[in-house]
Amino acid sequence: MPTLPSEPFPWPFDGDVWRMAMGLRAQEMEGWLAPDAGWPEQLAERARLIRDRKWDVMALMPEARAASVEVMGLLFAHLTVRFPDWFCRVGQGVESRVDGARLDPADFEHPLHLLAHLLPDDLCLMTPSPGGWRLTGGVVCFPSHWMLPHKLGKPLPGIHRPVARYDAMLATPVDRFFDTLSPGRVVWRANWTLSDDPTLFQPGTKAHAPPDADIHEGNAGERLWLRVERQTLTKLPESGAVLFTIRTHQRPLSALTGAQRHQFASVLRSVPDDVAAYKGLRRTGPLAMGYCETV
């Protein structure tokens, strides 16, 4: 059995100043959803969350069931064809040599329930409706300060209502992108947050609470984490739904290179006040800047 490659850490910044943009990039299928050394630990945490907090992390509306079946077939084919050393078909299901799991659809409530145990990426299904694209299914075990049940059934503007400047700067281009995305094409983007808690399941509002009093510039490198989401979008050819995947990676600031710390500090300095408030940067941003500029 080959060794899993190291977990990547997608760098979310392409400049030294903050900017609000979709930031979409083309994604080759070979690297769309690929196993790495971070999978086993995250899969184990997903299994725990589904066992203990099932109704907080998983949901499927009836109108998305056909799309969920299509997603399962797409991901079975992708993983077994692209990574045959790690995945193979077994009957109607699939065997993963990443963690030794045999996953049969008959053993799960619906396809998203199964897929939550197959790969560490969170999955969201967006389906078209007269009111726009709506979130009609998902498994979201590693949210960054939101919860799937609170967003389920909402259209894109409702989902993103708390996001600073979304309505003014992104609502129209995002809707247009969903409408015009070609079936089978995959794109990706990165999103980021700064956290003083490495817990993957973060559904609440801690980002807006005061910072821990014992965090200071001297230990901020170990106590503050850059959390990056690698998000991909693809339109399903049969159902016309859009599959949105989210893989969460995080590193303590001390693990960044000197150049990365310098760039991150520059970006933090340029974040507007309303965006800083939304992202919770008022509590941790100054500590991160102080650390990144002095180390």
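Residues numbered from 1 in each chain as written. Predicted model: local features only at pLDDT ≥ 70, side-chain atom pairs only at ≥ 80, totals over all residues. Heavy atoms only, no water.

Would you take a moment to explain the packing of aromatic side chains for this structure?
The relation between two aromatic rings is expressed through the spacing of the ring centres and the mutual angle of the planes. What the rule picks out here adds up to seven aromatic pairs. A ring pair is formed by Trp 133 and Phe 178, whose centres lie 5.6 Å apart and whose planes are at 55°; its orientation type is tilted. Here Phe 178 lies in helix α8 (residues 171-180) and Trp 133 lies in the loop between β6 (122-127) and β7 (134-139), a separation of 45 residues in the sequence. Judged by relative accessible area, which is 8%, Trp 133 ranks as buried. Three or more aromatic residues joined by ring pairs form one cluster here, namely Trp 11, Phe 13, Trp 192 and Phe 264. Looking at Arg 230, its charged tip hangs above the ring of Trp 188, at a distance of 5.6 Å from the centre. Above the plane of the ring of Trp 192 lies Lys 279, whose end atom (NZ or CZ) is 4.3 Å from the centre. (Phe/Tyr/Trp six-rings, centres within 6.5 Å; stacked < 30°, edge-to-face > 60°. Helix = DSSP H or I, 4+ residues; strand = E, 2+ residues; numbered from the N terminus. Buried < 20%, exposed > 50% of the residue type's maximum accessible area, 1.4 Å probe, protein only. Lys NZ or Arg CZ within 6 Å of the ring centre and 35° of its normal.)

Could you clarify how one ought to interpret the sheet that holds strand β4 (residues 93-96) in this entry?
The pairing of strands in a sheet happens through backbone hydrogen bonds and is either parallel or antiparallel. The strand order across the open sheet built from three strands is β3-β4-β5, with neighbouring strands paired in antiparallel fashion. Edge positions in the sheet fall to β3 (87-90) and β5 (101-103), since each has one partner strand and no second. Shown here is a sheet whose adjacent strand axes are inclined to one another by a mean of 20°, direction ignored. Note that β4 and β5 share three bridges and pair antiparallel. For Glu 95, the partnering residue across the bridge sits in β5 and is Arg 102. (Pairing = 2+ DSSP bridges. Axes fitted to C-alpha atoms, helices over the stretch in contact; angles between N-to-C directions.)

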